[in-house]
Structures are given as structure tokens and as C-alpha cells.
Protein chains: 2
Amino acid sequence: MIDARIIAELKATLGAERVLDTPEDRVVYAYDATWGEALPDVVVLPLSTAEVSATLRIAHRERIPVVPRGAASGLSGGAIPISGGICLCLTRMNRILEINPDELIAVVQPGVVNMDLQRAVARYGLFFPPDPASWDMSTLGGNVAENAGGPRCLKYGVTKDYVLGLEVVLADGSVMRTGGRTIKNVTGYDLTALFVGSEGTLGVVTEIVLKLLPKPVARRTVLAVFDRISDACAAVNRVITSGVLPLTTELMDGDCIRAVQSQRDYGLPTDADAVLLIDVEGWPEALEREVALVRAACETAGAREVRCARDEAEAEELWAARRAISPALAALGDKLGEDITVPRSRIPEMVERIRAIGRTYGLRTPIFGHIGDGNLHPYLICDRSDAAVMALVRQAAEAIFLAAIELGGTLSGEHGIGLAKRDYVARALDPLARAHMLRLKHLFDPHNILNPGKIFAETEG
Amino acid sequence: MIDARIIAELKATLGAERVLDTPEDRVVYAYDATWGEALPDVVVLPLSTAEVSATLRIAHRERIPVVPRGAASGLSGGAIPISGGICLCLTRMNRILEINPDELIAVVQPGVVNMDLQRAVARYGLFFPPDPASWDMSTLGGNVAENAGGPRCLKYGVTKDYVLGLEVVLADGSVMRTGGRTIKNVTGYDLTALFVGSEGTLGVVTEIVLKLLPKPVARRTVLAVFDRISDACAAVNRVITSGVLPLTTELMDGDCIRAVQSQRDYGLPTDADAVLLIDVEGWPEALEREVALVRAACETAGAREVRCARDEAEAEELWAARRAISPALAALGDKLGEDITVPRSRIPEMVERIRAIGRTYGLRTPIFGHIGDGNLHPYLICDRSDAAVMALVRQAAEAIFLAAIELGGTLSGEHGIGLAKRDYVARALDPLARAHMLRLKHLFDPHNILNPGKIFAETEG
């Protein structure tokens, strides 16, 4: 527990109303979107970089853990204060500081919600490509901390591809600026990239310069139904080699199809092994051609049915089924969602491995994912109150991680490592790379106060 | 000078024919594409990661500087062995190890020439977006070391956006793997990005996993003539806000126009203040619209003339003038090419500053650049044999650097810092960011043997 003297100092520094230390306030900040929980000793709600800096100076002096937190929609336990200490909640630093349509950039505070930025820049005909499923609640600070992805990353890349510069408060409270406001910038090492995806373990991001793009005017949606999931994977390869880089290539397997159909009729055949939802985006006249190429690729790959939405409303209807997956799976039981990525050509094999693991452990394993970029989200359906089942779930999850690594993939495509996967990092990384990551952690945070215990199970001292 | 014993050890390790120590061999490796020169003590031509590793183990043990080198087409002095030591020339590690069209990746050794990769992947309908002007000679290892750009980076981003993973030999000869083969990968810190653009000061890249894209099938070229360069800048903003992200937005100022016209008639008006060359790329039917939007944007911004190439041959003719700039300027005298980047909205002001600096120092300052991404290449025309003029050139170059920084830009957009700009880095970076870069350098290269004296004028130790 943090000494009362420190709480008093934090209150004197930030104002008592933004330093929460009652049990009922603290419990609200014990969670993220995983099943983990741990109480922070105190919650601090800064309004400015200066207040973040002041908080970290105190924490650094007193060796108190600091866990940065945005909307806590994270799926790897990154925002859970497992060592207690200070929950540094950045949601009140939520101002869009600048939108510059001539330079295609926005400057934001970390607490700005992804959707709020999207809406603000849409007024200028612009958009910000990263679109995690949590986009309507997750903060850009959280997106940067996790290097968030989303369905449209196949075409546009991930969060790191859109961060031009950062203001970061370091462990000792000092304030550092990295990068700049230009796409091209080769002055010195790319510290910006080092902080993106560092999950709050190297510093606290307090300002972000983001690259924007002009928003394409039209979008078309194609749904293709397959009797074999491997044919769906082949179809995506055919689409891309035909010269089309789709916006999304969303896969739902038979389990997901049946789960959503059991909720209401989305018009999907429950005997299919997979459906693909492929969106293309651009100028209307080009989309005619792209839709035709997508249709041809799917048919050649063996689709039993291909539907092209004729308008927005039909596209919405096709997407409604995709969006219904998560709530529909919840009706099957508790669900543990995973997030592995393999090279695209290994997806059929990875799907087989997941299904075999499900059989071995007697678990249902519905799968969906953004297969264009190799990112699969298998779910393990379970009962959290049954300790024996949960032991099997842990074994099955581990087997899935190890299969992904074995197939040349990675532990996490877009959810981060956090707590959930830290025990597997040693198997996923080159030992020398991991050793250097620990040395970097030690260099930036010598007392290990910044989100301790995340990403790596151990420290280097 | 390196001890003869070490030379003998290198010869025993790599074979005498790939360890060059005669004066006539060494002098060949004293240069890059700048005016700097310095003799290496010995030149080593490894064929494998193991040989790079063996060389570095010796260098590390003996504290001998190692300067990695590709084609030496660099424009910032990065490959010049200013402290002597070993020139580690990687041009013989030039195999394309894999092209995987299903995964949209290529795996290459560092000595592969950019153009050779482009040709190899074109057979699969793919391309590698970074296109430095030196693409027909520069190596991908050099492109990675400098985080190379090129004209089409506005649309596609720079080299770092296409590097998924690396094999790096560290200062002590140990071999580290970073990243992987997938677009999405959030397992641990992004070491890959730290090495891209590090100019051979943190490690020697021996294998590169690159992201590829499907090659667009059609391209159109528009040339627009302006009486005021500021109108050309406004035109580019209008193009982008109209929803078109061009492939290139190349600017030539009046001095460049007159220089190329003095060589032969490219059909450019010598009384114009600027021409813009805008290329768009995609499906043919969409390009009709994009060309119309580009034309409208240029006319609204005040272009006195807009020409749209009707076919490949006409497009080639328009581009011939752009490609003639560098040789045409060489006819005016010696030329020092610069590489600053400013936020796009500051380009008109930067152009005015460059012109004023030219007047102040009595120097001609023709300007061209990739203005969509804010990257300008002003040239200083001079006489290298005239010491008084060269003193003015140095002052003028410094004034240009400082103006770019003052306008929110950066010292280098795509050429790197190397030797040429290391004395200005302290003014371009946040002091804390620079201090941490030096700490990173010390962490990876404690004895400062890797390309010493580049990027930073001093070391941390």
C-alpha cells in the first residue's frame, strides 16, 4: 500500500478531486477487458503533461508502480495494476489539439477516443486507418501503447504506421519529444517506433502526432460461402494476386456462422465451413472492376455462393452477421478470445491445428479473423466457474500459441502481450532480441516502476 | 592502422581474396556519393552472416572501427571510413532468398540492389514501394540503413514501413533476429524499427524481410506550369483534399526549368516559376477521374497550363525533364544537394527562405523536391576549388538547415545524417531524445566500433 503521505502529496499536486483512493473508486480501476483484476492503491486523473510528469516524479522518487490506463478495453491485461501502486488514468486528457488537413496530420492527447478522432477528421474528408474493434471506446493512447490493428490493416497497416511523433513522460518525470510532423524524417534513431507498442512499460505518452489519409468515397462488400475453410484462404490469395488489395478480408468459420444464425437469421448457410467478407474501397468506377475480380477469385477458389451487396443497406446486413459474432459466442458460454498471427500461407494449417487442439481438450473453438494479414482470433468456449475446464483452457491456449510460433507466426497480432501472454514471450522471441528488450526497459525505467510485470515476466537490473 | 596480425587473421577467416589491403584496393572504398573521403585500413567482403559475425568478433576484441557499406551511393557520408578501420562491404551478399507472392513478402540479403528486387517481384505482379533516386544502384541494406525514401513515398510511405523483420549482427558478433514475417506483430518492443535508419551505427543488417504490394496496373502523368511556386504548393494541397493521393508530386523551380531547357528543349516555359509533375496510379477507369481532379485542382490554384500525358510515351517525355535536373545542374558548376523536409503547409515559406539565403550568400539555389511529403532538395551551385566560395556554401547550408528546423521540419528527409549533418543534430532533436539515442548507441555498441562518428558528433560512455 502507498503511504498516506504520498496520497496527500498527490492530492496537493493534482487537486484532491482527481486523486481517488476510496475502495469504491479503486475497484472501478481494477479491470480491463480480460478476466484479470487487481486493485490499484490510488487512481490519478491528470489533465496535462505537467501533471503526468509531477505524478511520475513522485512515483520515481518513492519507487511506486505506475500503470497507465486509457479506456481499459485492452484484451491482454496491460492496464491491470498487478503490483498495486498508481493507476494513471489518461481519459481526461482527451483533447484533439490540432487537425491539419493541408499536412494530413492530427495532434491529439492520449485520452481521445479513436471514434471521436474519426468523426472529427471525417469533416475534412479524412480518416485515420487503424480501426480496432474497440474503436468506439478505446483511446488513441491505448491504441499507441498496444500498436492496435483492426480489420482494415491489410490495406493500410497498423497504428505504428500512422504515428509520426510523440511526447512521452519518462519514468523520472522528464518530458521527451520524439519524431516530428513529417512523413519523411531520418534525423537520429526512431524512438517513436520504440514507444509504439511498448504497453506503457517505457514511458507515458502524453501527446501524439498522427498521420491521416484522404477518405475513399465508395466501398463495396462481397460475401462468399465456402464448404472448406482452406478454399476461403486460397480465395484471399487469389484476390490479392489479381491486383486487388482489399480493405478487409474477414473470415468466419462454421462455428461462428452457426452461433450467429442461432441468434437470428442473417441468411448464412449453417452447413458451410467458412464465409469470407471482403470489402473494397476507392472510386466507384474502379470498385466495379474490383468486385468482379473478387467474385472471380472466390468462384475459382471454390466458393459455393458469392453475394455482392448492391447498396449500403445490403452491405450493412452482411456486416451485421460479422458484428454479431462476439455476442453470439457469449451465448455459448464464457469465451477466451485469442489473437495469433501466422504468415498468410500457413492459415489453413493453423486452422487445422486449432481444431485439433479443440478436439484434444474437448473445447469448442470457433474462429474468426482478419485473414488477409494472417491474424486469427480463435475463441475457447468454457465455463469460468469450473476449475477443471479452465485448466484445460490454459493448456489449449498454450498449445495454440506454440502452434502459431511453430508456423512462423507470432503470439499477438494486435492485442498485445500484457499479462496474458508474458509467459510465452521467451519462446516467441530470439533470446538475444529479448535480452536487448530487457536492457532497453532497464535503460528507460531503471527502477521498474512503469507497468511492472507486463510483456516480460522478469526484469533486467 | 590495423596491425598486420589482424589483417592476417581476417584473411585466414574469410579467405585472402576477400580481404583487400593494398593501397589501390583501399582507395576504391574511400568514397560515397558526397565530397568526403577517407581510406579504410582494410576492406572485407563477406559472403555470409557467419563471415560478418566473425569479422565483428575480431573488430570487437581489437576495438577496430567497422564501417558497413553497400553501393556507397549515399548522400550524407555514412559509408566513409573517417576513423579508418574495416570497410565491411556487403555487396557480395546479394541473394534474393525468397519471394512469397502469397504472403506478399521477400527475404533478401543486404547487398541486393533495389532495382534487382523490383524486377524479380514484378514477375509476380508485385512491387516494393521505396524508390530512392539511386534505386538502380543502391542496395536494400543501404536503403534500410538510411530509411530511404523516394518520390512515391507520399502515397506509400518510406522504407521503414516495409521492413517486417531483420537479422542483425551486433557489435560483438552475436546474431539477433527481430520482427517476423507478418504485418501484425506486437510481441515485445519494435527493435526492427530501431535498426532501420540507424546508419550502421547499431548493428550490421545481414537479412531483411520486406513487405511487398500488388502492382497497380495503370499510371497517368500530369504536368502543370505555375507563375508562382506558392500556387504550385497550393495545388498539391487541393489535389489531396479532393481525395486523390498521388503517387508523386514532383516540383521543379524556375532555375531547374531553365537548367534543363538549356540542355535541350523539353517543352517547358523558361519564364515559369515552377512546374509540378503529378502521377496517379491505379485502375484505368479510376485514373480518368483522378486526372480530372488533378487538372481541376491545378487550374483552381492558378496553373497557367496543365498537360495530361495521353500515353506512356508522352508521360516518359514529361518525366525526362525531371530526370534531367541533376545532370543539367552539374553543367552550372559544382553542386551541393540538400535534403530538408518541412510540414507541407510551410513549403512556400521554406522556398522563400532558401531563395533569400541564396541572395545573402550570392549563390544560385535551384530547388526541386517531392513536395507532397514536404521533402525539398535545394542545391547550392558552387566551385569546389574556391575556398572562399565554399566557406559561403557551408554558411548557406547551415542557414537552410536551421530554417527547416525553425519551420517545424527536419534536417533530413531521406538522405540520412551521416557526417554531413551530424553537427546540426543537437539543434534538430529534443535534448532528452538525443541523450537517449546516445545511450542506445552505447547499449548496443559499448566500444563505439560501429560506424563511429556518424549521426552524432560525440559518444556516450
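Small disclaimer: the values here were computed from a predicted structure and weren't measured. (Residues numbered from 1 in each chain as written. Chains lettered and ligands numbered in written order. Predicted model: local features only at pLDDT ≥ 70, side-chain atom pairs only at ≥ 80, totals over all residues. Heavy atoms only, no water.)

Participant: Would you explain the state of the cysteines in this entry?
Facilitator: Counted under the stated rule, the structure contains zero disulfides over all chains. Take Cys-382 of chain A: it sits in no disulfide, and the sulfur closest to it among the cysteines is that of Cys-256 of chain A, at 15 Å. Using a relative accessible area of 9% as the deciding quantity, one classes Cys-382 of chain A as buried. Considering cysteine sulfurs only, Cys-233 of chain B is the nearest to Cys-256 of chain B, which forms no disulfide, with 14 Å between them. (Disulfide = S-S within 2.5 Å. Buried < 20%, exposed > 50% of the residue type's maximum accessible area, 1.4 Å probe, protein only.)

Participant: I keep staring at the packing of helix H8 (residues 229-241) of chain A against helix H13 (residues 347-361) of chain A and nothing clicks. Help me out?
Facilitator: In helix packing, the relevant descriptors are the interaxial angle and the interaxial distance, both defined with respect to the helix axes. Residues and elements named next belong to chain A. Where H8 contacts H13, the two axes come as close as 9 Å, and the packing angle between them is 155°. The angle between the axes of H8 and H13 places the two elements in the roughly antiparallel class. The two elements H8 and H13 meet at a crossing, and its hand is right-handed. Facing Ile-229, Ser-230 and Cys-233 of H8, the residues of H13 in contact are Ile-347, Pro-348, Val-351 and Arg-355. Here the residues of the contact of H8 with H13 are counted per class, giving five nonpolar, one polar and one charged. (Axes fitted to C-alpha atoms, helices over the stretch in contact; angles between N-to-C directions. Helix = DSSP H or I, 4+ residues; strand = E, 2+ residues; numbered from the N terminus. Parallel < 35°, antiparallel > 145°, perpendicular 65-115°, else oblique. Left-handed = near helix turned anticlockwise from the far one by under 90°. Contact = heavy atoms within 4.5 Å. Nonpolar A, V, L, I, M, F, W, Y, C, P; charged D, E, K, R; others polar.)

Participant: I'm lost on the environment of Arg-427 of chain A in this one. Help?
Facilitator: Residues and elements named next belong to chain A. By the element assignment, Arg-427 lies in helix H15 (residues 425-428). Arg-427 sits in the partly exposed class, given a relative accessible area of 47%. Distance in space between the C-alpha atoms of Arg-427 and Val-186 is 33 Å, their sequence separation being 241 residues. Setting aside its immediate chain neighbours within four residues, Arg-427 contacts Glu-398, Leu-402 and Ile-405.

Participant: Help me understand the packing of aromatic side chains, please; the structure alone is not making it clear to me.
Facilitator: Two aromatic rings, taken as a pair, are described by how far apart their centres are and by the angle between their planes. Residues and elements named next belong to chain A. Counted under the stated rule, the structure contains twelve aromatic pairs over all chains. Between Phe-368 and Tyr-379 the ring centres are 5.6 Å apart and the planes differ by 20°, which places this aromatic pair in the stacked class. Of this pair, Phe-368 sits in strand S18 (residues 367-370) while Tyr-379 sits in strand S19 (residues 375-382), placing them eleven residues apart in sequence. Like Phe-368, the residue Tyr-379 is buried in the burial classification. When the centroid spacing of 4.8 Å and the interplanar angle of 65° are considered together, the rings of Phe-401 and Tyr-424 count as edge-to-face. Note that Phe-401 is positioned in helix H14 (residues 387-406) and Tyr-424 in the loop between H14 and H15, a separation of 23 residues in sequence. Phe-401 gets classed as buried once you look at its relative accessible area, which sits at 2%. Taking the relative accessible area as the measure of exposure, Tyr-424 reaches 12% and is therefore buried. (Phe/Tyr/Trp six-rings, centres within 6.5 Å; stacked < 30°, edge-to-face > 60°.)

Participant: Before we go on, may I ask you to explain the domain arrangement of chain A in this structure?
Facilitator: For an interface, size is often stated in terms of accessible area lost upon the parts coming together. The domain boundaries assigned to chain A delineate domain 1 (4-91), domain 2 (96-214), domain 3 (218-326) and domain 4 (333-416). Measuring from the centre of the C-alpha atoms in domain 1 of chain A to the corresponding centre in domain 3 of chain A gives 43 Å. (Domains from an automatic or database assignment.)

Participant: Any chance you could explain the interface of chain B and chain A here in plain terms?
Facilitator: Taken together, the contact between chain B and chain A spans 84 residues of the former and 84 residues of the latter. Of the roughly 7,000 Å² buried between chain B and chain A, counting both surfaces, carbon and sulfur atoms make up 64%. The largest share of the area that chain B buries against chain A comes from Lys-184, Tyr-189 and Trp-283 of chain B, three residues that together contribute 15% of it. Counting across the interface, chain B meets chain A through eight salt bridges. The salt bridge involving Arg-289 of chain B is made with Glu-285 of chain A; its shortest N-O contact spans 2.9 Å. (Buried area = accessible area lost by both parts, 1.4 Å probe. Salt bridge = Lys/Arg side-chain N within 4 Å of Asp/Glu carboxyl O.)

Participant: Any chance you could explain empty space enclosed by the protein here in plain terms?
Facilitator: The gaps left among the atoms become clear once a water-sized probe is rolled over them. If you walk through the whole model with that rule in mind, you get seven cavities of 30 Å³ or more. Contributing to the lining of the largest cavity are 44 residues, with Lys-155, Tyr-156 and Leu-245 of chain A together with Lys-155 and Tyr-156 of chain B lying nearest its centre. Among the elements of the structure, helix H6 (153-156), strand S11 (213-214), strand S14 (274-282) and helix H10 (284-300) of chain A together with helix H6 (153-156), strand S11 (213-214), strand S14 (274-282) and helix H10 (284-300) of chain B are those that each provide at least two residues to the lining of the largest cavity. When grouped by side-chain class, the residues that make up the lining of the largest cavity number 27 nonpolar, six polar and eleven charged. (1 Å grid on protein atoms, 1.4 Å probe; cavity = no way out; pocket = protein on both sides within 12 Å on 5 of 7 lines; lining within 4 Å. Points joined across faces, edges and corners; volume = space filled by probe spheres on them.)

Participant: Just to check I follow, could you spell out the relation of the copies chain B and chain A for this structure?
Facilitator: Each copy of the chain is related to the other by a rotation around an axis and a translation along that axis. For the pair chain B and chain A, the superposition axis carries a translation of 0.0 Å, the fit reaches an RMSD of 0.0 Å, and the rotation angle comes to 180°. Put plainly, the chains are arranged around a two-fold axis. When C-alpha distances to the rotation axis are compared across chain B, the minimum falls at Ala-286 of chain B, with a value of 2.6 Å. The residues that chain B uses at the interface reappear at the interface of chain A in 100% of cases, marking a shared surface. (Least-squares fit on C-alpha atoms with pLDDT ≥ 70 in both.)

Participant: Could you clarify how one ought to interpret the sheet that holds strand S10 (residues 204-211) of chain B in this entry?
Facilitator: Where strands meet in a sheet, backbone hydrogen bonds hold them as pairs that are either parallel or antiparallel. All names here are of chain B. Spatial ordering of the open sheet is given by S5-S6-S10-S8-S9, a layout of five strands whose pairing is antiparallel. On the outer flanks of this sheet lie strand S5 (96-100) and strand S9 (175-179), each paired with one strand and no other. With direction set aside, neighbouring strand axes in the sheet form an average angle of 10°. As defined by bridge partners, strand S8 (residues 163-169) adjoins S10 across six bridges and the pair is classed as antiparallel. Bridge assignment links Val-169 to a residue of S10, and that residue is Val-204. Packed on one face of the sheet, helix H3 (residues 49-62) meets S8, S9 and S10 and runs near 50° to S8. (Pairing = 2+ DSSP bridges.)

Participant: I tried to follow the nonpolar core on my own but got confused; where do I start?
Facilitator: For soluble globular proteins, nonpolar side chains are generally found buried alongside one another. Formed by 195 residues in total, the largest nonpolar core has its most connected members in Phe-226, Met-350 and Leu-376 of chain A together with Phe-226, Met-350 and Leu-376 of chain B. Aside from chain neighbours lying at most four places away, what touches Leu-376 of chain B is Leu-251, Glu-338, Asp-339, Ile-340, Ile-347, Met-350, Val-351, Ile-354, Ile-367, Phe-368, Gly-369 and Ile-371 of chain B. (Core = buried A, V, L, I, M, F, W, Y, C linked by side-chain atoms within 4.5 Å.)

Participant: What exactly am I supposed to notice about the sheet that holds strand S1 (residues 19-20) of chain B here?
Facilitator: All names here are of chain B. Spatially, the four strands line up as an open sheet ordered S1-S2-S4-S3, and their pairing is mixed. Each of the sheet's edge strands pairs with one partner strand only, and the pair in question is S1 and strand S3 (66-69). Alignment of S3 against strand S4 (residues 86-89), held across four bridges, turns out to be parallel. The partner of Arg-69 across the bridge, within S4, is Cys-89. Seen against the sheet, H3 touches strand S2 (42-44), S3 and S4 and runs at an angle of roughly 165° to S4.

Participant: For this particular structure, what's the right way to read the pattern of salt bridges?
Facilitator: Oppositely charged side chains are able to pair whenever their charged atoms sit close together. For the structure on display, the rule yields 70 salt bridges over all chains. Where Glu-9 of chain B meets Arg-61 of chain B, a salt bridge forms, and the shortest distance between an N and an O atom there is 2.5 Å. Within this pair, whereas Glu-9 of chain B is found in helix H1 (residues 4-14), its partner Arg-61 of chain B is found in helix H3, the two being separated by 52 residues in sequence. The exposure class of Glu-9 of chain B is partly exposed, given its relative accessible area of 25%. Taking relative accessible area as the criterion, Arg-61 of chain B reaches 44% and is therefore assigned partly exposed. A salt bridge links Glu-62 of chain B to Arg-61 of chain B; its shortest N-O distance comes to 2.9 Å. Among the charged side chains, a network of salt bridges with common partners joins Asp-3, Arg-5, Glu-9, Arg-61 and Glu-62 of chain A.

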